[in-house]
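# Coordinate analysis (summary)
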Amino acid sequence: MRKRNVNISFNKGGTGGLSPRMTLPITWLRGMGVDPDNREVNIYSVGKTIIISKDDIEEDLKSMETVIRRKEIIEDLKKYNADHAFYADQFLKDLEIPEELLKDEEFIKEATAANPVILRFVKDCYITREIAEIAVKKNPHYLNLTPFKSDEELGVKAAKKNGYILETLRELRDNFNVVKAAVEKEGFMLEYASERLQANYDIVKAAVSCEGQGSSIKFASDELKANKELAIIAIKNSRGMAEHWIADELEKDDDVIKAIEEMERRK
């Protein structure tokens with residue numbers, strides 16, 4: 001294979017239109033059998049690729065076209081960085097991805113590694129667990145576009161990367177390990193835990209211990225809001241708001257009062 005970078009020139013015609021022109025190496029044309037007496041060639045457009053051939057290679061290009069389109073789609077996916085569903089769907093429609101590629105496991109893997117947004121257009125029956133893992137590794141929120149939203153292991157991996165996953169991962173809000181991983185990352189995600197786990201001591205302790213998020217005790221059960229140990233942790237790990245959410249009976253406790261005073265001095 002030979003390669004050369006060339007510039008395409010644009011000449012303005014009499015009607016104001018542009019006529020593109022490109023100079024090709026004479027040695028390449030001679031090798032194709034093109035000369036002043038044999039100038040006719042076939043030009044094929046395949047996606048963003050233009051092929052010039054002396055012979056009719058239309059049948060040969062059918063398999064090549066899939067390979068070229070596949071590469072172009074992957075490159076376009078790598079460049080795309082918007083998350084809004086409307087724009088994402090429009091982007092994927094504009095790509096005009098061949099239906100057969102959306103059923104091809106290897107393509108889906110490669111495309112997901114480039115940008116999991118592709119999963120918006122892939123049917124669940126073609127999304128394997130391996131593909132779901134690739135999506136989570138790239139962007140944990142895309143676990144929601146897979147049929148593995150209830151998978152604990154994947155849920156933990158997603159939550160450890162981004163605690164906010166609990167906002168949309170409804171299927172695992174009652175899973176201890178997933179919720180714990182989420183609140184350790186983002187304490188305020190305690191809001192999205194199930195009532196059962198909002199009443200779990202270890203979960204609430206993990207949430208109020210998350211740096212600067214002691215006020216997440218707001219979302220704990222009434223019983224745990226009255227837990228002195230958790231209240232003190234929350235107060236020490238907040239910006240002066242946690243005391244508004246602890247049980248009223250703790251406001252007169254000497255240790256709690258001391259924790260509040262220490263927090264006031266640190267402001």
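As a convention, each chain's residues are numbered from 1 in the sequence order in which they are written. In keeping with the predicted nature of the model, local features appear solely for residues at pLDDT of at least 70, side-chain atom pairs appear and are counted solely at 80 or more, and the whole-chain, interface and lining totals rest on all residues. The basis for the side-chain values is all heavy atoms of the structure; hydrogens and waters are excluded.

## Here we look at a negative patch on the surface
Rules: Patch building starts from residues that exceed 30% relative accessible area and form no salt bridge, then joins like charges within 9 Å and nonpolar side chains (Val, Leu, Ile, Met, Phe, Trp, Tyr) within 5 Å. Areas reported here follow the Shrake-Rupley algorithm with a probe of radius 1.4 Å; residue values treat only the protein chains shown as occluding. Salt bridge, as used here: a side-chain nitrogen of Lys or Arg that lies within 4 Å of a carboxyl oxygen of Asp or Glu. When charges are counted, Lys and Arg are positive and Asp and Glu negative, with His and the chain ends excluded. For the purpose of locating charges, the reference atoms are NZ of Lys, CZ of Arg, CG of Asp and CD of Glu. Here a strand is any run of E in DSSP of at least two residues, a helix any run of H or I of at least four, and the numbering for each starts at the N terminus.
Together, D55, D56, E58 and D60 line one region of the surface with negative charge. As for its position among the elements, D55 is in the loop between β4 (49-53) and α2 (58-79).

## Re the environment of N200
Selection rule: For each residue, the accessible area found with a 1.4 Å probe, counting protein chains only, is set against the maximum for its type, and the residue is called buried under 20%, exposed over 50%, and partly exposed in between. Contacts are residue-level and defined by heavy atoms, with any inter-residue pair within 4.5 Å sufficient.
Within the secondary structure, N200 sits in the loop between α8 (195-198) and α9 (201-209). Judged by its relative accessible area of 22%, N200 is partly exposed. Sequence-wise, N200 and D94 are 106 residues apart; in three dimensions their C-alpha atoms are separated by 48 Å. Beyond its immediate chain neighbours, meaning those up to four positions away, N200 contacts F176 and L224.

## Details of the nonpolar core
Note on soluble globular proteins: their nonpolar side chains tend to be buried together. Where we set the bar: By nonpolar core is meant a set of buried Ala, Val, Leu, Ile, Met, Phe, Trp, Tyr and Cys residues that side-chain atoms within 4.5 Å join together.
V183, L190 and I235 are the most contacted members of the largest nonpolar core, which has 41 residues in total. For this core, the secondary-structure elements that each account for two or more residues are α5 (129-138), α6 (152-161), α7 (176-185), α9, α11 (228-236) and α12 (254-266). Ignoring anything within four residues of it in the chain, the contact list for L190 reads V183, Q198, I203, V204, A207, S216, F219 and A220. Among the nonpolar cores identified, the runner-up in size contains 23 residues, and I73, Y80, F107 and A135 belong to it.

## Describing the packing of α2 against helix α4 (residues 105-114)
Short version of the rule: Where helices are involved, their axes are fitted lines through C-alpha atoms of the stretch in contact, as for all axes, and angles between N-to-C directions lie from 0 to 180°. Any angle between 65 and 115 degrees counts as roughly perpendicular, while under 35 counts as roughly parallel, over 145 as roughly antiparallel, and the rest as oblique. Here a crossing is called left-handed whenever its near helix is offset anticlockwise from the far helix by less than a right angle, and right-handed whenever the offset is clockwise. By the convention adopted, Pro, Cys, Tyr, Trp, Phe, Met, Ile, Leu, Val and Ala count as nonpolar, Lys, Arg, Asp and Glu as charged, and the other residues, Gly among them, as polar.
Close contact between α2 and α4 brings their axes to 8 Å; oriented N to C, the two are set at 25°. Judged by the angle between their axes, α2 and α4 are roughly parallel. By crossing handedness, the relation of α2 to α4 is classed as right-handed. On α4, the residues that touch R70, I73, I74, L77 and K78 of α2 are E106, F107, E110, A111 and A114. Residue composition of the contact of α2 with α4, by class: six nonpolar, no polar and four charged.

## Some remarks on α11
Restricting attention to buried positions, one finds in α11 the residues L230, A231, I232, A234 and I235. In this structure, the buried residues of α11 make contact with α9, α10 (222-225) and α12.

## Side note on helix α3 (residues 85-95)
Two residues of an α-helix separated by three or four positions point the same way, owing to the 3.6 residues in each turn. Quick reminder of the rule: Arc definition: it is the arc formed by the directions from the helix axis to the C-beta atoms.
Taken residue by residue, α3 has A88, F91, L92 and L95 as its buried positions. Buried residues of α3, viewed axially, fall in a sector of 95°; they line one side. Counted as exposed and oriented over 90 degrees from the buried face of α3: F86, K93 and D94. Of the surrounding secondary structure, the elements contacted by the buried residues of α3 are α2. Note on α3: the residue one or two positions beyond its end, E96, has a positive phi of about 50°.

## What to know about the packing of aromatic side chains
Defined as follows: Any Phe, Tyr or Trp ring, taking Trp's six-membered ring, that has another such ring centre within 6.5 Å forms a pair; planes under 30 degrees apart are called stacked, those over 60 apart edge-to-face, and the others tilted.
This structure, assessed with the given rule, holds one aromatic pair. Relative to F91, the ring of Y80 has its centre 4.0 Å away and its plane inclined at 10°; by these criteria the two rings are stacked. Remark: F91 occurs in helix α3 and Y80 occurs in the loop between α2 and α3; sequence separation between them is eleven residues. Summarising the burial analysis for this pair, Y80 and F91 share the class buried.

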